[in-house]
Every structure is written in structure tokens, then in C-alpha cells.
Amino acid sequence: QILEDRPAPGSPGSGGAAGTTMSAAREQRAMGAATLLQTRYFQSRVLRDTGMMSRFTLALCRSDHYDKVAVHASMVDVFNSFQNAIYPVSRDMPTYTAWVVPEAWVAEGTKIETIQPGDLQEQLIKVLEAKPNLHWRYRLMIVHSIFVLLRSDFQPPEAFFRIVIEGVIADIAHLRKFCLKVLNQTLEMLQTKQQSKEDKDGEHLRWPDKNFALWNGATAPPRLDAGPSRVHRDIIDEEFVAGAIKFFAGHLADETYMAKFTAPLSVTQTGRLKGFMGTHAQVFKGIFKTMGAAALAAVSPWIEEVLLDPQAYARLHTDVYLGQQCLLSEIVGGLIRGIKYWSKEDQDPAKALVLRILARVLATAELETVGAWAASLRFAVFDRHPARVAWLTTYLFDNALPITPETAANSVIMSRRILLLRPILNELSWRGECLQRQLIHDLEPFLAHPLAQTRGCVASCIATIARVSWTPPWPEESRPSSEEPRPPAAKSRDISAASEADGKAVADAAAEAVAAGHAAVDAQSKAVRFTLAAPQLPSETMHRIVTVMTTRLTSLSCQISEVKRREKAASAAKKEEAEKSSSGGKAPDKEAGVIEAQGVEKDGEKDLGADKDKAIKAEALKEKEKELKNMRHSLISILSACCPNFEGIYTSPLSSHLPALLPPLLQAMEDSDQDLYAKGCAELSASTPLLTDTVLPKVLAAVHAVAESSSWHVRATVLPFLQIILFRHQFAIRPEDMQRVRDLMLALLRDPQVEVRETAQHAISVLVRIQGEALALQLRDEFAEWA
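Residues numbered from 1 in each chain as written. Predicted model: local features only at pLDDT ≥ 70, side-chain atom pairs only at ≥ 80, totals over all residues. Heavy atoms only, no water.

Draft legend 1. Geometry of the overall build of the protein chain. Counting secondary structure elements, the protein chain contains 36 helices and 0 strands. Counting only contacts in the protein chain whose residues sit at least 6 apart along the sequence, the fraction spanning at least 24 positions is 80%. Carbon and sulfur atoms form 56% of the exposed surface of the protein chain, whose accessible area is close to 40,500 Å². (Helix = DSSP H or I, 4+ residues; strand = E, 2+ residues; numbered from the N terminus. Contact = heavy atoms within 4.5 Å. Areas by Shrake-Rupley, 256 points an atom, 1.4 Å probe, with all protein chains shown as cover.)

The following block contains the structure:
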């Protein structure tokens, strides 16, 4: 009654000072009623009665005569409390309470007790259409109510589609965002059948998307919503779906409408985010899935306009360019996922258009939109079978890398391409082993790239491959047994050579073959648990890159050390020869002076050639030192990215490779460059808490070998590493290994370099805390003997 209390035209409360006072009183009563309705008692009381819910919703949406912001906010709060309760109410729930009918409804003849969800939708749509200048808060509230009333057990009125299609191009950003979501749900409502399960050639059974159980061993369980789906198919019949699709297709074919549709979505200042939005991509997926090639024809003019300017990133305003690329990435993501439901004839031009767009994306030298395109590709391949997206991944991995010499000089293009491939590796995970091997091979030449930006991208990509290709150790009793007899596989037919006439028979044969082939895996599936006792096998995909890195690092380090040793020896010999020649010899006469002058001229010519050779050798040595530094930087970046974060992963995927990687990692402390934070990376690697029994002794042996280095920086770095790794593995380390670590720490305690001795003090204190009083007493006697 309070919500419907509006002043009639010409009444005393409609104008003047008295009208202002009465208006303020009505606003206060409305805000008080809104606050009261949000209490627990009234919410539980009102929500139990379907008649009151319909009455309340309609009255709230008709209360637009309250034009104060405070009243608007109160109404929105009440609406948000009640809107989610409208949908679950059954249509046949009776009204058991006699509510007071507002006077305005009595005059209109509205009988709220007979209003059903479809009737309420129609009345709300009438309210919306009767007031074109309605405040955007109330307009959004009404659209919310109409959408919440959308159910699968009755057909929505025809005007509902008009409200949605007009709201998508509305001037209010909040209304556009919500109507895009409503459009997506509406398109899903029109899809009464799961099209991927109806392929006549058995493609889904051979290469299933999402339902990995079909090809990981288990059979697909029955759908929980099978009953509601049957009701939905009966209510939303083919005639209704065809009419709705025709309505939407008519608007999409209108160039004026498409211009209004794409304009706010392609500029970041019109309410869209500066990045890829999955909700938008899902909308485009629904459009392409429901309307087919006609939807692609509607958006193709806008896409061609964007592709027409290859220098748009340098010419357009940043907000315009970012908005265009974000919208284009969302269209491409939705198109890739939507065209799998199309016929082969319609898929080919769509795939050609996608590849044209990706060719432009790979050739653009900017990093501002790489996040949006990486998210788009991740959306496109999410939960997809690799064979279903092979046309996409093959193009990307073949054309992004290897890079031509001209492109390799541009760090931005290289980094952009690598960052675009990384999310695909992450999504395909263990199913993309072939792509991982190909990419590892293509990234090898860039491990020592002179630019840090490129090296960082390469390292992040290799670290991603390490994570997705790693298999944790598991005990023998939890492994699937390969000795148990497998049932004979069913005789399957050549699915690809089948005709359309026997499509159902082919699908049945494919299903029978899949079920028979995975029956043994179903029987053998056991719980897998992590263990330290089982051997941790290295990743075969990472074995090559680790071997290449360690071999090259060791070779460069040895070559540089040998050159420096020879230079030092030659310098010492030359100095010794100069001292000998200057200490003993008679005074030179006049003839001897002439001969010496002639010899000096000849020696000068020889020295000039020697200086050139020396400069060439110095330049070669400098190049090797740069390559060694860059390789060390890549190694540190890869290990840092693979260290455990103790949230999503508790051990490093490169744990089994640590015995080979630790020596070059710790030797990086020889370099005085502050960019090589090898000490911190070594400590991070030592924080790996779950090194298996076969890996830990090898890691300690590698540390012992590095501790004999001639560089005191390297010897000092070994101690913090041992300090952390002993603490993490104090209950898993063998007694003989603990004794070797103790002897090494004591030896470093007597190191000639004071910095090493100071570091050894802290390391030995940790060792004493781990082993207790017995070691403390033993060390006290040894220290007394030293003293």
C-alpha cells in the first residue's frame, strides 16, 4: 500500500509547500517499509506466499514515483533480498493468506491471486513499455525481475526477447552488462538438445570434450537434470525455438543494430574492462552455436574493418585500440568454441577467418593486448580434446616459433608469441605432450638471448612445461597393474568412412568400443598417494632441455676459466721475464743500440699483429661471458618459477633434475652482477620439502662437489643451501649423508675467507639444533682441541 501510494494529478499533495511536505512523508514511509521488509520475520512471512511475492514484485517495480536517490537505494536493497526467491517457487503452490489489495489495483481490476510467472512477466513488460523515460534503476530492477521469472517449464512471452535485444544496446552501461548475461541465458534456453552428443560420425565419442571420463577410464554417469531437461524440451518446442532464432537473426542482420551493438563493447571508456571478459566470449559462443553461419556473416564486416588497418596500435587512441582488440579476442574465443557444432562446409570459412586474425595477432609488435589474446586462446582450448583444436594449435606452434632472424631481433614480437603459447600448454596439460616437445626444441636457441625480457618469457614457458609434464612419485601398490588380463576389445568399424544413413549404428559401435577398451582401467583405478620411498622419475620432456642447459653452462664455464688461467700464466711469465732482463745485463754500446732500434721496429710490427689477435680473443671471451651470464639468468628464472609455493604445489617439478642443475646454479655466484640472484634461488630450491630417497643423496653429493670451488662466493652460498635442506629433510636424510654434511661444515669453518667462516657458524648452529646435545658435546671437544 505504501509503495503504491502516489499523489493523483490535481490532489493537494501534488504541488506547493504542502505537497513537498507530503512527498517527504511518503518517502520516509517508503524507506521505513523497505527497512522493515528486510527483517527476518517479514522475509520469511512474505516468501512463504506466492501471491504476496507476485504482488510485492509488481508493486516494487511500479514505485518509480519516488525519485530520491535514498529511496532508490532502499528499494534496490529490498529487491536484492527478494529476487532470488521468486524462481524456485512452484507454479501450483496455493495462496493461503488474504492480503490487503492496494486501491490502485482495485481500480485497475488486477487480481494478484491468479497471477502466474508468465502473467507477471507480461505485466512487468507492460510497465516497462508504458514508461520509456523510466529511471535506469527501476528499469534495471524490472529487467532483473523479468529475467528471474524466466523458467524452463513455461514459454516466455514474445515481448521478452524484444526487451533483451534492446537492452543490449541501451545507453546505460549497467543495463547493457546485465542484458548481455540475459542474452546468454536466453540462448542457452533455446538449446533444448546437447548437440555434441548427436554427431552422426561418432566424433564426440572418439574425441570427447569436457567429459574426460570417457577417455580416462570411467563411463559417463547419467545426467542429474534428465527429468527437467525432458520438461524443458516439451515446453520449448521446435516452433518456438525457430521463431526466437528468426527474431534474433533479424536484428543481427541489421547493420545499424550491429553498429550499436559493437560500439560500446569496443571502447574501454564505455564501461567495459581493459581485458578479455569470459562472459562476453560466452555470449558470442551462444550466438554462433545457436544461429550458425548467419551470426558470423553479421560480425564479419566489423572484423574486416579492424583487420583493414595493420598499424592501428600506433595510430588509434589507446582506449579505442584496446577495446577493439578485447572485443575481437572475445569474438574469436566464442567462434572457436561455437563452430564445433557447425557442418564441415560452414566450419572451413570460419577457421580461415580465425587463422587470418591470428596471423595479424602474431605479427603485431605490442604487449598491451597480449593478456587479452592469451585469455582468449585459453578460453578456446579449455576442456577441449587436442584433436578437436588441432587446426588451431598446429597453426600457432608452427607459425609462432621458430622465429625468423628479422623477427628475433624484435624482443616485443618474440615475447608476445611466447606468451600466447603458454596458456595453451597450461590448458592442454598432459594431453599436449607433442606440442611441449616441439616448443622445447624451438626455445633452445633463445636460452642465452641478449634481452632479459625475451629470456624471462622463455623461462616462464619452460617452467610451465615442467609443471604440466611432471608426474609425482607414487608407491608401487597404488600403481595400476599392467599384468591383469584385459578384456578383448570390441570390433569397431571405420567411423570416418561411414555414411549418414547408418550414423546411429556407427555411434553405437564407437560407444561399445570405447567402453570395452576402458573396462580394464575402470577395474584397476586405485587411490594414488605421494611417497618419498618411491623413485621420482624425471620428465622425459624436460630431460633434453636440462641436458642442453647443464652441458652448455659447464662448457662455457670451463672455457672461460681455461682462457683466464692461460692469460694469468702468460702475464706472470712476461712479468718474470721483464724482471730478469732488467736485473742483469751490461751497458749497451753504440752499435748495439742501432741493432736494438732495428729490432724494436720489427717487434712493433709483430706487436701490432699480436694486439689485433689479442683484441679478437678478448672480444670472443667477452661474448662467451655474456652468453654464460644469460644462460645463468635463464636457469635461475626457470628454477624460481618451479619452486613450491606451498599452496598449489608442495614440491618442485624439477626435483629429480636438481643434482644436475645445482652445480651451475651455485657456481653462478662467481659472477658479481647483481641481476644474478643465484643465492636466493638456491635457497628457494632448497625449500623443496619432498625430495625422494633417491634424489636427496645425489643433491648432497652435488653440493659437496661445488663446495670445493676456488671462489669463496660459491663456498659461502653452499652453506645456506645445506642449512635449509637439512631442516626440511631432517627426518628423511640418511646417517652417512648427515655425517658428510657435518664434515663439510666443519671444513668450511676453517676456510681462509672470513665471510665463509661466518656463514659456517650459523649453519653449524642449525646442525646442532637438529642433532641435539650429543653433537654439541662432541663439537665442544673438537673446538677445544683446535683452540
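Draft legend 2. Spotlight on the pattern of salt bridges. Summed over the entire model, instances satisfying the criterion amount to 18 salt bridges. Glu129 is the salt-bridge partner of Arg162, the closest N and O atoms lying 2.4 Å from each other. One end of the pair, Arg162, is in helix α8 (residues 158-167); the other, Glu129, is in helix α6 (residues 117-130), with 33 residues separating them in the sequence. Given a relative accessible area of 42%, Glu129 falls into the partly exposed group. When the shortest N-O distance is used, the salt bridge between Arg742 and Asp743 registers 3.3 Å. We classify Arg742 as buried; its relative accessible area is 5%. Three or more residues are tied together by salt bridges with common partners; here these are Glu562, Arg565 and Arg566. (Salt bridge = Lys/Arg side-chain N within 4 Å of Asp/Glu carboxyl O. Buried < 20%, exposed > 50% of the residue type's maximum accessible area, 1.4 Å probe, protein only.)

Draft legend 3. Examining the confidence of the model for the protein chain more closely. Of the residues in the protein chain, 69% reach a pLDDT of 70 or more, and the chain-wide mean stands at 76. No element of the protein chain has a lower mean pLDDT than helix α27 (residues 519-524), at 36, and none a higher one than helix α20 (residues 370-381), at 93. Low confidence marks residues 11-19, where pLDDT is under 50. Its contacts with residues over four positions away, or in another chain, come to 8 contacts. In the model, residues 476-507 has pLDDT below 50 throughout and makes 39 contacts with residues more than four positions away in sequence or in other chains. (pLDDT = per-residue confidence, 0-100.)

Draft legend 4. Seen up close, unusual backbone geometry. A positive phi angle, near 55 degrees, is found at Asp383, a position not held by glycine. Among the secondary structure elements, Asp383 is positioned in the loop between α20 and α21 (390-400). A positive phi is found at Ser429, a non-glycine position, where the angle reads about 55 degrees.

Draft legend 5. Inspection of the packing of helix α33 (residues 712-728) against helix α34 (residues 735-749) at higher detail. Viewed as axis vectors pointing N to C, α33 and α34 meet at an angle of 145 degrees, and their least axial separation amounts to 11 Å. Seen from above, α33 lies across α34 with left-handed handedness. Where α33 abuts α34, its residues Arg715, Val718, Leu719, Leu722 and Leu726 lie against Met738, Val741, Leu744, Met745 and Leu748. Of the residues that constitute the contact of α33 with α34, the class distribution is 9 nonpolar, no polar and 1 charged. (Axes fitted to C-alpha atoms, helices over the stretch in contact; angles between N-to-C directions. Left-handed = near helix turned anticlockwise from the far one by under 90°. Nonpolar A, V, L, I, M, F, W, Y, C, P; charged D, E, K, R; others polar.)

Draft legend 6. Geometry of the packing of helix α18 (residues 318-338) against helix α19 (residues 344-363). Following both chains from N to C, one finds α18 and α19 inclined at 145 degrees, their axes separated by 11 Å at the closest point. When you trace α18 past α19, the crossing you get is left-handed. Residue-level contacts link Leu328, Val332, Leu335 and Ile336 of α18 to Ala350, Val354 and Ile357 of α19.

Draft legend 7. Here's a closer look at helix α23 (residues 411-428). Across its 18 residues, α23 extends 26 Å between first and last C-alpha, which sits within 8% of the 26 Å expected from 1.5 Å per residue. Ser429, located one to two residues past α23, shows a positive phi value of around 55 degrees. (Expected span 1.5 Å × (residues − 1).)

Draft legend 8. Local environment of the packing of aromatic side chains. Counted by the stated rule, this structure contains 11 aromatic pairs. Centre to centre, the rings of Tyr257 and Phe261 are 6.4 Å apart; their planes meet at 15 degrees, and the pair counts as stacked. Placement of both Tyr257 and Phe261 in helix α14 (residues 255-265) is noted, with a separation of 4 residues, approximately one turn of the helix. Relative to Trp342, the ring of Phe288 has its centre 6.4 Å away and its plane inclined at 70 degrees; by these criteria the two rings are edge-to-face. In this pair, Phe288 sits in helix α15 (residues 278-291) while Trp342 sits in the loop between α18 and α19, placing the two residues 54 residues apart along the sequence. Across the pair, exposure class does not vary: Phe288 and Trp342 are buried alike. An aromatic cluster of at least three residues, connected via ring pairs, comprises Phe160, Phe161, Phe240, Phe247 and Phe248. Over the ring of Tyr341 we find Lys289, and its NZ or CZ is 4.4 Å from the ring centre. (Phe/Tyr/Trp six-rings, centres within 6.5 Å; stacked < 30°, edge-to-face > 60°. Lys NZ or Arg CZ within 6 Å of the ring centre and 35° of its normal.)

Draft legend 9. Quick look at the environment of Arg337. With respect to the helices and strands, Arg337 occurs in helix α18. In this structure, the C-alpha to C-alpha distance between Arg337 and Gly286, residues 51 residues apart in sequence, is 9.2 Å. Within the structure, the side chain of Arg337 is placed 2.9 Å from the backbone oxygen of Phe379, a separation counted as a polar contact. Side-chain polar atoms of Arg337 contact the backbone oxygen of Phe382, separated by 2.8 Å. (Polar contact = N/O pair within 3.5 Å; in protein donor to acceptor, adjacent residues only side chain to side chain.)

Draft legend 10. Here's a closer look at the side chain of Asp309. Residue position: Asp309 is located in the loop between α16 (293-307) and α17 (312-315). A distance of 3.2 Å separates a polar side-chain atom of Asp309 from the backbone nitrogen of Gln311. If near-sequence neighbours (up to four positions away) are discounted, Asp309 is found in contact with Arg315 and Arg360.

Draft legend 11. Focus on the environment of Ala732. In this structure, Ala732 sits in the loop between α33 and α34. Not counting residues up to four positions away in its chain, the partners in contact with Ala732 are Asp693 and Leu696.

Draft legend 12. Just the environment of Leu328, in detail. Locating Leu328 in the fold gives a position in helix α18. Exposure remark for Leu328: the relative accessible area of 2% places this residue in the buried category. Sequence separation of Leu328 and Leu265 is 63 residues, and the distance between their C-alpha atoms is 9.8 Å. Residue contacts for Leu328: discarding those within four places in its chain leaves Trp302, Ile303, Val306, Ile357 and Trp373.

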